[in-house]
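# Overview (structure and organization)
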Amino acid sequence: MFSILPSVDRVLAMPAVAGLIRDHGRRAVTAAIRTRLGAIRQAIAGGADGQRLVAGLADQLAADLARAAQVGPQPVLNLTGVVLHTNLGRALLAEPAQAAAATAMARPVALEMDPDSGGRGERDEHLRQLVCELTGAEDATVVNNNAAAVLLVLNTFGRDREAIVSRGELIEIGGAFRLPEIMAGAGTRLVEVGTTNRTHAHDYRQALSPQTGLLLKVHTSNYRVEGFTASVPARELAGIAAEAGVPLLNDLGSGSLLDLSALGLRREPTVAQALAEGAGLVTFSGDKLLGGPQAGFIAGRRELVAAVNRNPLKRALRLDKIRIAALAATLQLYRDPDSLATHLPTLRHLARPRQEIAGQAGRLQAAVQARLGDRVRVETCECASQVGSGALPVDTLASAGLRLRPLDDRRGSAPERLAAQLRSLPVPVLGRIRDGALILDLRCLDRDADLLEALAPP
Ligand SMILES: *Cc1c(COP(=O)(O)O)cnc(C)c1O
């Protein structure tokens, strides 16, 4: 009964397979044929219609090979309502940043060369001036991410010494950035002061010793302590650090370059403000509110940045040319704050007014209903987006979207099954489950067609 199975060579010689060999290479096609023929053999043994399976072999191989060729992170539609979603790669780059990155990928660039003199230049030079101009810092450097920035500063000033931190600021950021562990990794002894909810100036003063290497203030970016609380204002902390002759590091986490209240968001401390309040160094991320590629900035006083740059670890944490190019192009956009929300996808998404999103939901409702059929009811709904990545944790942004309610939910798991179904599309559509329905928050949907095409793949 296996006699209808063609040989591997005969399949390789089929006209329909020639194109696959061209696209995927003979070796991959041969392996795919072997696997598929093995599966057909088993199916025939189990009583399946071998004739039909063999007839569909070429199509099946094309699908197998296309699936195997999908490597690396694939595009998805982020309708979760979380704008800066760490698991989805955080900020989307502005077009000038994409173009700059593409150029740096494809062509030699004067990364560490001064084109004027032909002599050696510094890779930091491409970003230093922009950061200083936009933040008022005397000097700045950039490393792989903000975790690396904090690690490098701690290691520079606190190795085999002590760093004093309030117990209210011993944060864990998702993805295992835990301050006590970063400290241990940097060779810094953690000196905790105060309590979870209240820390006073005298707590810091009492903890000062000849062993103190630095004072650390950490922006509690992903939670908020409310109620009976006290913390020491950055300005006062800077005074205590100065008296002790050690630097104050203010880790802002997301750190914004401008006042976001103009976009209707709550004020996050800006980098310029943190520096003006006397922090010797400020650290912040490139791919959170700033809206660029993954990176960690260290900005502040000249002699402190110089000490950071002398640390041999700096070399291990440095940025590549692609991200330097993308970051410079992103920062360049900040020189014109008025048009920033148009050009920077992160700020554009954060600033989208609810009514506009609700209008989009109204436009899409019937078409989405038609694509999902009558087992799901599609309605427009109000919802609340989040900034994400630990920025502005408690605040939500009034938003709108589509509520997808499975009509037959006897087992009570229908929303989860619907979510899984949408996740398995060629371009996965990601929403979130709330009150027995799957919510698609449309805040980050730039084009209506993206959703409709994703739901009805060709
Ligand atoms: C996000 C965050 C970090 C880590 O930044 P990455 O760029 O993700 O490495 C560190 N500190 C704070 C306060 C943060 O919010």
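Structure: see above.
Residues numbered from 1 in each chain as written. Predicted model: local features only at pLDDT ≥ 70, side-chain atom pairs only at ≥ 80, totals over all residues. Heavy atoms only, no water.

### Concerning the side chain of Asn-311
What counts here: A run of H or I in DSSP counts as a helix once it spans at least four residues, and a run of E counts as a strand once it spans at least two, with each numbered from the N terminus. Using a 1.4 Å probe on the protein chains alone, a residue whose accessible area is under 20% of its type maximum counts as buried, one over 50% counts as exposed, and one in between counts as partly exposed. In what follows, a contact means two residues having at least one pair of non-hydrogen atoms within 4.5 Å.
Along the chain, Asn-311 turns up in the loop between helix 13 (302-310) and helix 14 (313-317). According to the relative accessible area criterion, Asn-311 is buried, its value standing at 9%. Look past the residues within four positions of Asn-311 in its chain and what remains in contact with it is Leu-152, Asn-155 and Thr-156.

### Digging into the sheet that holds strand 12 (residues 397-406)
This is how it is decided: Only when DSSP finds a minimum of two bridges between them are two strands counted as paired. Interaxial angles span 0 to 180 degrees and are taken between N-to-C directions of axes, which are lines fitted to C-alpha atoms, for helices over the stretch in contact.
Across the sheet, 4 strands lie side by side as 11-12-15-14; this open sheet has antiparallel pairing. The open sheet has two edge strands with one neighbour each: strand 11 (376-385) and strand 14 (432-434). The mean angle between the axes of side-by-side strands here comes to 40 degrees, regardless of whether they run parallel or antiparallel. The pairing of strand 14 with strand 15 (residues 437-441) spans 3 bridges and is classified as antiparallel. Its bridge partner lying in strand 15, Arg-432 is registered against Ile-439. Across the sheet, helix 19 (residues 414-423) is in contact with strand 11, strand 12, strand 14 and strand 15; its angle to strand 12 comes to roughly 105 degrees.

### Let's talk about the environment of Leu-289
Counting through the fold element by element, Leu-289 comes out in the loop between strand 9 (281-285) and strand 10 (296-300). Owing to a relative accessible area of 2%, Leu-289 belongs among the buried residues under this scheme.

### Looking at the packing of aromatic side chains
How we decide: Each aromatic pair joins two rings of Phe, Tyr and Trp (for Trp, the six-membered one) with centres within 6.5 Å, and gets the label stacked for planes under 30 degrees apart, edge-to-face for over 60, and tilted for any other angle. Criterion for a charge above a ring: Arg CZ or Lys NZ at most 6 Å from the ring centre, at most 35 degrees from the ring normal.
Scanning the model with the defined rule gives 1 aromatic pair in all. Summarising the aromatic geometry, the rings of Phe-284 and Phe-297 are spaced 4.7 Å apart at their centres and angled 5 degrees between planes, so their arrangement reads as stacked. Taken together, the positions of Phe-284 in strand 9 and Phe-297 in strand 10 put the pair 13 residues apart, joining distant regions of the chain. Over the face of the ring belonging to Phe-2 we find Arg-41, whose NZ or CZ atom lies 4.9 Å from the ring centre.

### Describing the packing of helix 7 (residues 125-135) against helix 15 (residues 321-333)
The condition is simple: Should an angle fall under 35 degrees it is called roughly parallel, over 145 degrees roughly antiparallel, and 65 to 115 degrees roughly perpendicular, with every other angle called oblique. Take the far helix as the reference: if the near one is turned anticlockwise from it by less than a right angle, the crossing is left-handed, and if turned clockwise, right-handed.
Where helix 7 meets helix 15, the closest approach of the two axes is 10 Å, and the angle between their N-to-C directions is 25 degrees. Compared by their axis directions, helix 7 and helix 15 come out roughly parallel. Once helix 7 is placed against helix 15, the crossing between them reads as left-handed. Along the contact surface, helix 7 presents His-126, Leu-127, Leu-130, Val-131 and Leu-134, while helix 15 presents Ile-324, Leu-327, Ala-328, Leu-331 and Gln-332.

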